[in-house]
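Fold and contact review
One-letter residues, chain by chain:
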Amino acid sequence: MNKRLEPFLELSGVLTGFSRLQLLGTAMANEYLRTLDAVLPSGVLDEMLARYKQIPQGTDREDAVAAAILGDPKLGPVARNLILLWYCGSWTALPDAWHTAYGASPTNTNGVVSAQAYQAGLQWALIGAHPPGSSQQGFGSWSVPPEKGSL
Amino acid sequence: MNTDERYDAVVVGAGIAGALIAKYLTRAGFRVLVLEAGPATAQSFDGYSKHLEHFYAATGKGPESAWPPDANAPQPDTGDLKNNNGYFVQKGPNLYGSSYSRLQGGSTLHWLGVSLRMLPEDFALRTRYGVGRDWPLTYKELEPYYRKAEHEIGVAADVADQTYHGHYFPEGYDYPMQRVPLSYSDQKLAEAVDGLQVIVGNAQVSLKIRSYPAARNSTPRGSYVPVGAFDVRSDGEVIDMNLGQRCAGNTSCTPICPIQAKYNAGKTLAQADRSKLKLLAQAVVSKININKVSGAVESITYQRYYGAQHTVHEAKGRVYVLAAHAVENAKLMLASDLSTSSGLVGKTLMDHPALYAWGLAPQPIGAYRGPLSTAGLEELRAGPFRAKHAAFRFDIGNDGWRATTGAPDTAVAEAVTKQNLFGKKLYDQLASTLPRHVRFSLAVEQLPDTFNSVSIDRDMVDQLGNPKPVIQYRIDDYTQAGMAAARKVALEMFRRAGIEDCSNAMEGTWFPSIKVGDDVFHYHGMGHFAGTHAMGSSKSDSVVDTKQRSWDHQNLYLVGSGSFPTMGTSNPTLTLSALTICTAEHLIGELTAGF
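Right, let's walk through the structure included here. The structure displayed is predicted, hence computed values, not measured ones.

Let's talk about helix 12 (residues 477-497) of chain B
All names here are of chain B. Its 21 residues place the ends of helix 12 30 Å apart at the C-alpha level, agreeing with the 30 Å of an ideal helix rising 1.5 Å per residue. Put simply, Asp476 is the residue that caps the front of helix 12, since its side-chain oxygen is 3.2 Å from the backbone nitrogen of Tyr478. In the segment just after helix 12, Gly498 is the residue with positive phi, at about 70 degrees.

Here it is, written out as C-alpha cells:
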C-alpha cells in the first residue's frame, strides 16, 4: 500500500469538503498522486504531505491547513490546484513566478488530466448533476428537482 | 486518373442531406455513389466510442471537441474565431461565428437536435412584411414533407404544443414520439413567466415557455420504433446496438450524444440498401466537370487520401447531387467555375447570430442536468414587427453557464483561487449557487444580404490544393434591432422570475462582438448556415428551383440549407430534410423516367 495515500486522502478531504470515502469512491486518488508527482518539482508533494502530518492531534484541521499549507507561498498554490483537480479533473498551470522560485516543470500546462479524471470531477455530484456525456441519469430524470450531493 | 463505374446518382457529402438521398434512391433500386470528404470514424460503434473518449479528455469542450478534422478535409472551428486563423478566411466586417464538421455523418453528429418547422409566414416574408424574399414554396406544399422528415429523423413533440403562429398539422397527425419531458428548470421558469406581457413593435405579446420538437428519442407513439445506436461493421453488416432508444439525460447533445439517442445521419446511411450503395469516405470532390455546350455535368473529380498521399479519380452518374454543406456546395461550384445565370452562388449567406443571457435564479432549478435544452420561447418568431426588425426565439438551457462562462469549472476556480474558499465553505458555496444557473440563447433572424457571401481565392488553399472558403459577413440594422429587442425581452423575463442578471460578457467566454449604438452585443453562431444557393422561381434570381435542381445544369442538384431563400427563426435541419426528401422523390421519378 502506498504510504502517501492516507495523508493524501485526509488532506484532500479537508481541502475539498468531501469525505475520505467519497474521495476513495472516485478511484482517482492514486492517479492524482501520480499527476502531482509528474507535474511538480521533486519533493514538493512529500513536503506538503509532511506538513499535513505535522498538524497536532486535536487541532481544527481546516484552520491548521489554512495556516500551514494554503497560507504558504510554496504549498498554497499547489493545494489550491489539488482542489481544482478533485473538483474538475483538470490541472491549472502554476504561475511562472512559482516555478522560478521553487523549480521548473515541463508538464505544467492547463488541461484535463485524463478521460477518467474528467468523469470523476466532484463538482457534478455535489449538485446532483453528472459530467456531460457520462453517468447518465435516465429518461426524464431532469424533470424532477435535483438531489443534493448524490455522490 | 481512374474512372470509376457509372452510377445512377453521385452524391457529394454523407451528412443528413446526402444520407437521405442515398437511403431513398437505393431503396428505390438505384445505384448510388456517396463521396464523403471526411473520415468514416463514427460509423462503427467502437469508432464512435473513441470520439466520446476524445471528448472526455479534451480540455476545451466546444461543439468540435469530439470531432477533430483530418488535415485533408479541414473544417471551421469556433476556437479559431478569436485570432481569425482557421479554415475560414474571414474578411469581416463581422466574424461569422458558426462551424460545421466534415466527416461521415456530418454536423448532425454534434447538433442540438432542435427540429422546428418554419412558420407559414416565413415562406412569404416579402409579401407579408416587405423584407427579405418569398420562397417559391408554401408551408402547405412543404407540410407533407415535414411529416416525412419528422419520421425519418425521429422527432419527439406533441402537436398540442406546436399549433402557434398559424402552424397547422393534418387532422389526426402527431409526432412519432411524445415530447421530451420538460426540465425542472423549464417548469419553474414557466411558473414564473407564463402570461408575462411584453411590448414588441407596437404589439403586446403574452409569453409562454414551450416544449420544442427535438430529434431525441422519447416515448414512441403507435407503432413507431425509436432508432438508437448502430454499428456498421467493416463487412457492411449493420448491428442494432439496443442502446439509445430513449434519451437518458447525458447533457451532451452537443458535442456528442454517448448513446446516440439523438439523431445523427449515420442512422439514415445505415438504413440505405447497402447492396445498391457505394460509400467512399476520405474522398474530397475537387471539381465538377461540365459539357460546355449542354451545360450538363459529365463527371466529377475527387481525391482519395491516405495520410499524406492521395490519388485522383473521376466518377460518373446520371445525376449529381451536391449535399456537402451550404458552404462546401458553394465552394465547389465556384472552384469548378460554375457561375450561374443569377450570379448568386455563394451569396446571401445567413446564420442566426445569437446572444446569451445568463443569471442566477432565486432558488435551485436543477441546472446541469438533462438534454442541453428542452424548451424555448417561440412567441416572438412572428408578428408585424418583422417589417421593422428581426424575429427571434430563445433556447432555454438546462446546462447552466457552461456555454456562457465555462462553469462549473470556472465557478470552482473563482471560488478557490479568488475567494480562497476550501473545504465545507467551498462545498456549500458551490452547492448553493451552481444549481441556480440559468442560460438563455437569443437566436436572431438574419435576412438574405448579397454582401454576405462565400467566395474563393485561388491563392488560399488547403493541403490538397482545394480553396478555403472566404467569408464576407455583416450583421445589418434589421438584425441588430432584433438583438436589442430580444435582449430587452430576456431581461423582462429575468425580472419577473427574480433571476439576477449576470450577463457580463467581460466575465464570460470570449465571443465576437458588434457595437450597436451605445451597446456592445457579444454574439455566437448557431451553426445555421443557409442561403448560398437559394431556390426561386426563375433562373435570373435564384440558383436552384423548388426541386433544388440547378437552373443552369439540368442533371445537377444542390441540396441542403444552402437552398433556403430565407431562414426565419427555426433551426434549419428539419426544413432541409423535408426539402431533401422532396428532391429524393423527384429524382426517383426522373431516374425511373430515364433521365
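Focus: the sheet that holds strand 18 (residues 470-473) of chain B
Residue and element names in this part refer to chain B. Sheet architecture is open: three strands sit in the order 3-18-17, paired in mixed fashion. On the outer flanks of this sheet lie strand 3 (89-93) and strand 17 (453-455), each paired with one strand and no other. Shown here is a sheet whose adjacent strand axes are inclined to one another by a mean of 20 degrees, direction ignored. The pairing of strand 17 with strand 18 spans three bridges and is antiparallel. Counted as the bridge partner of Ser455 is Val470 from strand 18.

Remarks on the packing of aromatic side chains
For the coordinates displayed, the defined rule picks out 31 aromatic pairs over all chains. The cationic tip of Lys61 of chain B hangs over the ring face of Tyr118 of chain A; the distance from NZ or CZ to the ring centre is 4.2 Å. Above the plane of the ring of Tyr427 of chain B lies Lys424 of chain B, whose end atom (NZ or CZ) is 5.2 Å from the centre.

With respect to the interface of chain A and chain B
Facing 44 residues of chain A, the contacting portion of chain B comprises 51 residues. For the pair chain A and chain B, the summed buried area comes to about 3,700 Å², and 67% of that belongs to carbon and sulfur atoms. When residues of chain A are sorted by the area they lose upon contact with chain B, Ile127, Phe139 and Trp142 of chain A head the list and together hold 21% of the total. The interface formed by chain A and chain B holds zero salt bridges in total. On the surface where chain A and chain B come into contact, there are 18 residue pairs in polar contact (both at pLDDT 80 or more). Of all the secondary structure elements, the ones that give two or more residues to the side of chain A that touches chain B are helix 1 (5-16), helix 5 (61-70), helix 6 (75-88), strand 2 (111-112), helix 8 (115-120) and helix 9 (122-126) of chain A. A per-element tally of the side of chain A that touches chain B places helix 6 of chain A first, with five residues. Classifying every residue of the side of chain A that touches chain B by side-chain character gives 23 nonpolar, 19 polar and two charged.

Brief notes about helix 10 (residues 409-418) of chain B
Among all positions of helix 10 of chain B, only Val412, Ala415 and Val416 of chain B are buried. The buried residues of helix 10 of chain B all sit within an arc of 90 degrees when viewed along its axis, so they share a single face. Buried residues along helix 10 of chain B sit in contact with helix 6 and helix 9 of chain A together with helix 11 (423-433) of chain B. Of the residues one or two after helix 10 of chain B, Asn420 of chain B is the one with positive phi, at around 55 degrees.

What about the pairing of strand 2 (residues 32-35) of chain B?
Residues and elements named next belong to chain B. Residues Val32 and Val34 line one face of strand 2 and the alternating positions Leu33 and Leu35 line the opposite face, and both faces are buried. Where strand 2 meets strand 9 (residues 277-280), four bridges bridge the pair, whose relative direction is parallel. Looking across to strand 9, one finds that Val32 is bridged to Leu277.

Things to note about the packing of helix 1 of chain A against helix 4 (residues 44-53) of chain A
All names here are of chain A. Two elements in contact, helix 1 and helix 4, have axes separated by 10 Å at closest approach and are oriented at 75 degrees. Classed by the angle they form, the pair helix 1 and helix 4 counts as roughly perpendicular. Across from Pro7, Phe8, Glu10, Leu11 and Val14 in helix 1, the residues of helix 4 making contact are Met48, Leu49, Tyr52 and Lys53. Among the residues making up the contact of helix 1 with helix 4, the classes are represented as seven nonpolar, no polar and two charged.

How each quantity is defined
Residues numbered from 1 in each chain as written. Chains lettered and ligands numbered in written order. Predicted model: local features only at pLDDT ≥ 70, side-chain atom pairs only at ≥ 80, totals over all residues. Heavy atoms only, no water. Helix = DSSP H or I, 4+ residues; strand = E, 2+ residues; numbered from the N terminus. Expected span 1.5 Å × (residues − 1). Polar contact = N/O pair within 3.5 Å; in protein donor to acceptor, adjacent residues only side chain to side chain. Pairing = 2+ DSSP bridges. Axes fitted to C-alpha atoms, helices over the stretch in contact; angles between N-to-C directions. Phe/Tyr/Trp six-rings, centres within 6.5 Å; stacked < 30°, edge-to-face > 60°. Lys NZ or Arg CZ within 6 Å of the ring centre and 35° of its normal. Contact = heavy atoms within 4.5 Å. Buried area = accessible area lost by both parts, 1.4 Å probe. Salt bridge = Lys/Arg side-chain N within 4 Å of Asp/Glu carboxyl O. Nonpolar A, V, L, I, M, F, W, Y, C, P; charged D, E, K, R; others polar. Buried < 20%, exposed > 50% of the residue type's maximum accessible area, 1.4 Å probe, protein only. Arc of directions from axis to C-beta. Parallel < 35°, antiparallel > 145°, perpendicular 65-115°, else oblique.

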